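Listed below, chain by chain, are the residues.
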Amino acid sequence: MSFSNVLISWYRNNKRDLPWRNTQDSYLIWLSEIILQQTRVEQGLPYYLRFSEKYPNVESFANASEDQILRMWQGLGYYSRGRNMLKTAKVIQRDFNGIFPQAYADLITLIGIGEYTAAAISSFSSNEAKAVVDGNVYRVISRYFGISTPINSTLGKKEFQAIADELLDTKNAGEHNQAMIEFGALQCKPKSPNCSICPFQSSCFAYQHHRINDLPIKLKKLKIRERYFNFFLIDDGDEILIKRRDNTDIWAGLHDLPAIEFPERTELEVLLNHPDFTNWFNDKTVIQKSSKEIKHILTHQRIYARFVHLNNYNPSIIEKNGWLKIKKTQISDYGMPKLISEYLKNFLN
DNA sequence: AATCCGGGGGA
DNA sequence: TCCCCAGGATT
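Just so we're clear, the structure is a prediction, and the values are computed from it rather than from any experiment.

Caption draft 1: Spotlight on the protein's contact with DNA strand B. Residues in close proximity to DNA strand B include Gln38, Thr39, Arg40, Gln43, Gly75, Leu76, Gly77, Tyr78, Tyr79 and Thr154, which together make up its full environment. Protein-adjacent atoms of DNA strand B, using a 4 Å cutoff, are sugar or phosphate at a proportion of 42%. Tyr78 is positioned such that a nitrogen or oxygen atom in its side chain is 2.8 Å from a base nitrogen of DNA strand B. Taken together, the residues of the surface near DNA strand B break down into three nonpolar, six polar and one charged.

Written out as structure tokens, the structure is:
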């Protein structure tokens, strides 16, 4: 039994009865595909039913106003899908004689229709031999074949499309595509797939190698944290105060200056009222200078630093906070992040 | 190649 | 919380 044979057999036994599967009307299929982009079937289904009832053909859709479309789209998200559908419907009226195309080459030219949707509409409506690759297909292929190329990398997209093309039952493209998607949605789910009753158990790479939870691999978009540090350059004659950073944060074990951190940009005023500030300093404290904001880029963080120069402090805080009082001439004896050492170097010279 | 666009559901 | 969902357009 080939992969496709097993797949189709599974599909015929397990498929859901969904309204857009009971038609070959490329307009209705288009409607369903756009609604289902990045949207679960259960969430999109009621929208499909309302849209297909109110706009049973592309002409009625094209004659709707954008307000009407967006009102019906309300709550579905990604609203540009609705706006683009209206544009496309008008293009169909004007350039395609009001006949919704079935050919991949035509579909791919339309706004809102990318590779996946063009392959879906063409194969579902006319059995054109184009393989769909959506989130489900990425998952099925990556697990079954043990492909660890990230699915959201350029190379990964090419690689998975090529495998999907290879796998496609070209004589039965529409059903094959539906089956791949349905299998990914119902059986080979992202979390806790039903491997125990899977017809591919013995041939699935991920199942055999216990990699189900590792595949597919997706590049995480690194989220950058923004941090606002106010460093205090506490001038005590020929000495200054520094501190060693703990091991739970950036620059672990290096030395920097006493600091107060905020999660967002703040006025100097806010800093002066911070409890640490009022503990550390006193009435005799004079702010001699405050540097402009210095931006420092790390891989996962953007540091915005401000250096506040002061000349008086409460002596007890040195011991209490575990700070160090060192001679300015000894600064270079201590490992410091570049942000700090550069600033001190410029300041002291 | 990265970022934006969204509401909803599951772990 | 984080991840993912029948992705595509834009920069």
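Caption draft 2: Region of interest: the UniProt feature "domain: HhH-GPD" (unreviewed entry) in chain A. The residues that UniProt annotates with the feature "domain: HhH-GPD" (unreviewed entry) are residues 35-186. Taken end to end, residues 35-186 has its terminal C-alpha atoms 19 Å apart, with 65% of it in helix and 0% in strand.

Caption draft 3: Spatial organisation of the nonpolar core. In this structure, Tyr27, Trp30, Leu31, Phe51, Phe61, Ile141 and Phe200 are the most contacted members of the largest nonpolar core, which totals 71 residues. Among the elements that make up this core, the one with the highest residue count is helix H2 (residues 26-35) (seven residues). When neighbours within four sequence positions are excluded, Leu31 is seen to be in contact with Tyr48, Phe51, Ser52, Phe61 and Met85. Formed by 19 residues, the second largest nonpolar core is a distinct cluster that contains Leu233, Ile250, Ile303 and Phe307.

Caption draft 4: Examining the protein's contact with DNA strand C more closely. Residues in close proximity to DNA strand C total 26 residues, the closest being Leu36, Gly112, Thr117, Arg139 and Ile181. In DNA strand C, the atoms that sit within 4 Å of the protein are 60% sugar and phosphate, with bases accounting for the remainder. In the environment of DNA strand C, a phosphate oxygen lies 2.6 Å from a nitrogen or oxygen atom belonging to the backbone of Gly112. At 2.5 Å from a phosphate oxygen of DNA strand C is found a side-chain nitrogen or oxygen belonging to Arg139. Counting only elements with at least two residues in the surface near DNA strand C, the list comes to helix H8 (115-126), helix H9 (135-145) and helix H11 (173-187). The residue inventory of the surface near DNA strand C, partitioned by class, reads eleven nonpolar, nine polar and six charged.

The rules behind these values
Residues numbered from 1 in each chain as written. Chains lettered and ligands numbered in written order. Predicted model: local features only at pLDDT ≥ 70, side-chain atom pairs only at ≥ 80, totals over all residues. Heavy atoms only, no water. Near = heavy atom within 4 Å. Polar contact = N/O pair within 3.5 Å; in protein donor to acceptor, adjacent residues only side chain to side chain. Nonpolar A, V, L, I, M, F, W, Y, C, P; charged D, E, K, R; others polar. UniProt positions renumbered as here; feature names shortened; annotations may be inferred. Helix = DSSP H or I, 4+ residues; strand = E, 2+ residues; numbered from the N terminus. Core = buried A, V, L, I, M, F, W, Y, C linked by side-chain atoms within 4.5 Å. Buried < 20%, exposed > 50% of the residue type's maximum accessible area, 1.4 Å probe, protein only. Contact = heavy atoms within 4.5 Å.

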